[in-house]
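Okay, here's what each chain looks like letter by letter:
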Amino acid sequence: MNHFFIIRELSGLKGKKTLLVMTRNFKNVPLTFVLKEVSLTGALVYENILSMWNPYIAEVYEVFQVEGTDAPEGISYYVLTEYVCASHSPLEESLSLREYVKKNGPLELKNALNITTQLCDALIDFHEKGLVHRDIKPENIMISEYDLENPQIKLIDFGGAKEDKPDSIADTTVIGTLGYQAPESLSERTTKRSDIYSIGCVFQFMLTGCDPGLAKYNKNRAIIHIIEKAANEDPSYRYSSLEKLKAAISHELKLHLFDKIPLIREIPGFRTHNFAHSVIASFFYLCFFSATIGMLSAGLYALWAEFTFFAVFIPLVFLFDFGNLVEFLPEALRRNNLLFTLIRYFSVIYIGIVLYLISAIQFFRG
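Throughout what follows, the structure given in this document is the object of discussion. (Residues numbered from 1 in each chain as written. Predicted model: local features only at pLDDT ≥ 70, side-chain atom pairs only at ≥ 80, totals over all residues. Heavy atoms only, no water.)

With that settled, the discussion passes to the overall build of the chain. Tallying secondary structure elements over the chain gives twelve helices and ten strands in all. In the chain, once contacts between residues fewer than 6 apart in sequence are set aside, the share between residues at least 24 apart is 58%. Surface summary for the chain: the accessible area is close to 20100 Å², and the carbon and sulfur share equals 61%. (Helix = DSSP H or I, 4+ residues; strand = E, 2+ residues; numbered from the N terminus. Contact = heavy atoms within 4.5 Å. Areas by Shrake-Rupley, 256 points an atom, 1.4 Å probe, with all protein chains shown as cover.)

Rendered as structure tokens:
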């Protein structure tokens, strides 16, 4: 009370208060902040990010230790953070992503992709400090720039974050919100891939306006694939890092010249926005063009057609991207990771065996 003027209480969940305050000793313009009571663990997390600046993370200004309080240990911890207000909004109000979607309806695909990219940029810095947020949801994503064409966001609430240590045991305290919470967080150790799961759920929320389980996005094949991979129930089948998820998003935003060429984007082997896949695909196609010149000049049209179908396009489609074929597969099969992977790779092996048997028969026939 000696340092801040309390405007109102924002939240008082679990006995920890979150207050909207102003500084008492301002010179020109009164500054508004969020004063949040946290646990000792939360205070240590905020201390860790105190010196970090990211345009998509609410800034942390100070961490306080207050003695002689009613807390069990006699010590309370508070953090002073940025109060994120939606600039250029009609009422200059503070808006969460949930409130923004409720007010304006589901987002256009481009806006949802842009916000997901911003969220990835925010958490890349967070993850580099060895931390997992654990509570990514629409309520913890604030609109910082109210722009219907290109909204900007800031991530808040790091009190439930923890260090991502490979040797740590399962979490003893469950943090997160049902629907946006990674399944493993209920019984196992949360990791950086747990945040990726939550991002996939938020992405779907922006496109449908509904929480996970209530509606599914089903308009764009590539976007469906990104959501399903990010929010896969098995962590090992999700994107391995935020950088890879961001690369997939950037591919759909068509930020690079390579992604802006429609023909290349639809060729098997190139539409997975994966550099290694593109290199392997390029090798396939070089072999194909060389073989095409030789076979067609020799009049081996049937062999060329067989080689083209079995040795080039089928392996590329099955190994890298099913393309439009994936829409004909039931979701239960797509989400059965082990079975889906086995079908892909054993299909290629089977086709390869058939191809070589046919080639051997033709060879022995002269």
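Having seen the structure, we can now continue with the description.
Through backbone hydrogen bonds, the strands of a sheet pair up, either in parallel or in antiparallel fashion. Strand order in this open sheet of three strands is S6-S8-S9, and the pairing throughout is antiparallel. Taken across any chain shown, the strands that pair with only one partner, and hence form the sheet edges, are strand S6 (95–96) and strand S9 (152–155). In this structure, strand S8 (residues 141–145) lies alongside S9, joined through four bridges in antiparallel fashion. Along S9, the bridge assignment pairs Glu145 with Gln152. Across the sheet, helix H3 (residues 109–128) is in contact with S8 and S9; its angle to S9 comes to roughly 35°. (Pairing = 2+ DSSP bridges. Axes fitted to C-alpha atoms, helices over the stretch in contact; angles between N-to-C directions.)

So, about the packing of H3 against helix H4 (residues 192–208). Interhelical geometry of H3 versus H4 gives an angle of 160° and a closest axis separation of 10 Å. Overall, the two elements H3 and H4 adopt an arrangement that is roughly antiparallel. When you trace H3 past H4, the crossing you get is right-handed. Contacts between H3 and H4 involve Leu109, Ala112, Leu113, Ile115, Thr116, Leu119, Leu123 and His127 from the former and Lys192, Asp195, Ile199, Val202, Phe203, Met206 and Leu207 from the latter. Residues belonging to the contact of H3 with H4 are distributed by class as follows: eleven nonpolar, two polar and two charged. (Parallel < 35°, antiparallel > 145°, perpendicular 65-115°, else oblique. Left-handed = near helix turned anticlockwise from the far one by under 90°. Nonpolar A, V, L, I, M, F, W, Y, C, P; charged D, E, K, R; others polar.)

The subject of this paragraph is the pairing of strand S3 (residues 32–38). The buried fraction of S3 amounts to six of the seven residues, a majority that puts the element mostly inside the structure. Direction of pairing for strand S2 (residues 18–23) relative to S3: antiparallel, over a ladder of five bridges. For Thr18, the partnering residue across the bridge sits in S3 and is Lys36. (Buried < 20%, exposed > 50% of the residue type's maximum accessible area, 1.4 Å probe, protein only.)

Turning next to the environment of Asp164. Mapped onto the fold, Asp164 is located in the loop between strand S10 (162–163) and H4. Once the C-alpha coordinates of Asp164 and Thr190 are considered, the two residues, 26 residues apart in sequence, prove to be 7.4 Å apart.

Attention shifts here to the pairing of strand S5 (residues 75–82). With six of eight residues buried, S5 is to be regarded as a mostly interior element. Alignment of S3 against S5, held across six bridges, turns out to be antiparallel. Pairing of Phe33 across the sheet is with Glu82, part of S5. Relative to S5, strand S4 (residues 60–67) is paired through seven bridges, and the arrangement is antiparallel. Residue pairing in the sheet places Glu67 in a bridge with Ile75 of S5.

Turning next to the packing of aromatic side chains. What characterises a pair of aromatic rings is the spacing of the ring centres plus the angle enclosed by the ring planes. Summed over the entire model, instances satisfying the criterion amount to four aromatic pairs. Both rings, one in Tyr100 and one in Tyr146, keep their centres 5.4 Å apart while their planes meet at 75°; by these two values the pair is edge-to-face. Taken together, the positions of Tyr100 in helix H2 (residues 97–104) and Tyr146 in the loop between S8 and S9 put the pair 46 residues apart, joining distant regions of the chain. Here Tyr100 and Tyr146 have matching classes, each one buried. (Phe/Tyr/Trp six-rings, centres within 6.5 Å; stacked < 30°, edge-to-face > 60°.)

Another point: helix H6 (residues 242–253). In this model H6 runs 16 Å from its N-terminal to its C-terminal C-alpha over twelve residues, within 8% of the 16 Å that 1.5 Å per residue would give. Buried within H6 we find Leu242, Leu245, Ala248, Ile249, Ser250, His251, Glu252 and Leu253. Lys254 sits one or two residues past H6 and shows a positive phi near 60°. (Expected span 1.5 Å × (residues − 1).)

This brings us to empty space enclosed by the protein. One pass over the full model with this rule turns up two cavities of 30 Å³ or more. Taken as a whole, the second largest cavity spans an internal volume of roughly 40 Å³. For the second largest cavity, the full set of lining residues is Met52, Trp53, Asn54, Ile57, Ala58 and Glu59. Within the lining of the second largest cavity, the residues separate by chemical class into four nonpolar, one polar and one charged. (1 Å grid on protein atoms, 1.4 Å probe; cavity = no way out; pocket = protein on both sides within 12 Å on 5 of 7 lines; lining within 4 Å. Points joined across faces, edges and corners; volume = space filled by probe spheres on them.)

Moving on to the pattern of salt bridges. As enumerated under the stated definition, the model contains seven salt bridges in all. For Arg98, the salt bridge identified is with Asp211, shortest N-O distance 2.8 Å. Of this pair, Arg98 sits in helix H2 while Asp211 is found in the loop between H4 and helix H5 (221–230), placing the two residues 113 residues apart along the sequence. For Arg98, a relative accessible area of 24% translates into the label partly exposed. As a salt-bridge pair, Asp135 and Lys137 come within 3.8 Å of each other at their nearest N and O atoms. (Salt bridge = Lys/Arg side-chain N within 4 Å of Asp/Glu carboxyl O.)

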